[in-house]
Amino acid sequence: MKLCKGVLALTALLASCVAAGAQITFSGWGRGVITPLAITSDDAGIHSSVSASTYTSSDNASIGFTANGVAPSGKIGFKIDLAYGGGTAGVGDNAKVWVKPFDILTLEAGLFKEEDFRGKIGASEFASLILPNSGKGEDNIFQRFDATAGAWFKLEPLKSLESPWAGLTIEGAFGSNSLGTSVNSFRALYNLFNNEDVSTEAATYDEDWSTYDGDRKVSALDVYKAMQIALGYRIPDAGLLRVQFIGNNRNVFRWGELTSTNAIVDVEKKLVTGLNTNRDADVIEAAFLFDGIEGLKIDLGAKVPFSYKTKTNIVVYPKVIGVASGYEITNQNKKEFTVQLPYAVAIGASWAPPSGLGPGLTARVDASFGGSIKCAGDTEVENGYDVNAWLLPSYKLTEKLGFGLDAGMESHGEDSLWRNGVTSDPDQTAPSKFLDFGLGPWAGLDLGGGKIKVGVMAMFPGSVRYKANSSSTIYPYSIVFNGNPVFSVPISFTYSF
């Protein structure tokens, strides 16, 4: 019903826009993956399953429809996606309005994904049928702008020079101070004085919570410290260089309401809402896309998270599901931990013959390392390395018919865990070490505005994998992969027009 109402409202909007002389264009993208047969085995024998109308990243097909509107002036417009995915229907990646008051400046607000700088090389569409942890997306090379309720700007300061060396672009996005539950038509002013997170004081408590530091309030500075800002420069006949900063938006202690016993309530909240790109750490990213040779793309990216200190109730080490001695380690006593998120590097390359026929190749390697969470004299964790690699050769026999082979592997080093200076039970960290690999041939047919691919995939998990069940079930966890090979026959069909 909600989708029907949305379609009716969109239809009325588009009709009014056309009547006013606006330019309206439509496009769509979607994918479904049917798996008529998947089989594996254990001591009880052969197990089989069938999966219908799925997508490699969810349990449902992904269906998208986009409408773009531009006013006759070309200075203002909108973009909205209607999508079905993950079992729900509604707004997709974009529901935004934009304005271009000057040729060098674009502003927009709403829900959006902006991909000018995003990584350009992805992995296999059959990734989840080849490796237990699937593959890495383009954002792992360089993170796009992604917001549920944000503002975005694009500045091209050298555009008026009309020179091939004038390809400098600055883009940024920011969210809002956390809004309270009250409704006020003047939200910006209301947020200045009356919002709970703004009018109450940010507090830093000592170990016994007997004092607090109330000398700072949530302000515009908190929003801008958590923004994402990127710079890109197009080098003629070479490629695209980009760097960016993504601010943190981790939980901090907030001043809570007093209880009936005048005790201070332990409240942890995020100060900013709207952006999906924030992590718990400030992050600097850099990437370079080489595309100076026709048919060849090489995209190399790196992410450097800044270490930070926190006393919030973070998960220091997760519970190892299926290990009897496993338990979740959390910071419940407000001790100060130093956190270093893993550093990451990624490189992707693709080659497609200029003629469109003959051999092609895509390769991708993602690695992370150096992650740790430490509290001296208490608990210390050092995360093992992770390497995820793909090799995807293909051959275009005719303009319509092609063949290929998708192959992937993932290796994870064992984590290290110390409690009070003593190495923890090895059962706690042993499951973190694994080596997975998988591969499968496929055949593809271009249908004009879409394509269909049929493959035979084999996955070889290097260890047993579990998933946690809800607390209402009898069994707290279930086995997803038992370590034996998994064979599947996926049929993928994708439309794009």
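Everything below is about the structure printed above this text.
Computed from a predicted model, the values in this text were never measured in an experiment. Each residue is numbered by its place in its chain's sequence as written, counting from 1. Only residues with pLDDT of 70 or above have their local features reported here, since the model is predicted, and side-chain atom pairs are shown and tallied only from 80 upward, although totals for entire chains, interfaces and linings are computed over all residues. Working from all heavy atoms in the structure, the side-chain values ignore hydrogens and water.

(A) Up close: the environment of Val304. Position of Val304 among the secondary structure elements: in strand β16 (residues 296-305). Looking at Val304, the relative accessible area reads 38%, which means it is partly exposed. Contacts of Val304, omitting those with residues within four sequence positions, involve Asp282, Val283, Ile284 and Tyr343. By the criteria applied, helices consist of DSSP H or I runs no shorter than four residues and strands consist of E runs no shorter than two, each listed in order from the N terminus. The buried label applies to any residue whose accessible area, calculated with a 1.4 Å probe on protein chains only, is under 20% of its type's maximum; exposed applies above 50%, and partly exposed to all values in between. The contact definition used throughout considers only heavy atoms, calling two residues in contact when any of these lie within 4.5 Å.

(B) Representation of the nonpolar core. Among the buried residues, those of types Ala, Val, Leu, Ile, Met, Phe, Trp, Tyr and Cys that are joined through side-chain atoms within 4.5 Å form a nonpolar core. Core analysis: the biggest nonpolar cluster contains 13 residues, and Ile314, Val316, Tyr317, Phe337 and Ile373 have the highest contact counts within it. Going through the elements one at a time, β18 (315-317) and β20 (337-340) are the ones with two or more residues in this core. Grouped together as the second largest cluster of nonpolar side chains are twelve residues, Phe117, Ala147, Ala230 and Leu289 included.

(C) Summary view of the pattern of salt bridges. Salt bridge, as used here: a side-chain nitrogen of Lys or Arg that lies within 4 Å of a carboxyl oxygen of Asp or Glu. Counted under the stated rule, the structure contains 21 salt bridges. Arg144 is the salt-bridge partner of Asp139, the closest N and O atoms lying 3.2 Å from each other. A relative accessible area of 16% means that Asp139 is categorised as buried. When its relative accessible area of 12% is taken as the criterion, Arg144 is described as buried. Two residues, Glu285 and Lys303, come together in a salt bridge whose shortest N-O distance is 2.8 Å. Remark: Lys303 occurs in strand β16 and Glu285 occurs in strand β15 (residues 283-290); sequence separation between them is 18 residues. For the pair Glu285 and Lys303, a shared accessibility class is recorded, and that class is buried. Put simply, Glu115, Arg118, Glu138, Asp139 and Arg144 are held in one network by salt bridges that share partners.

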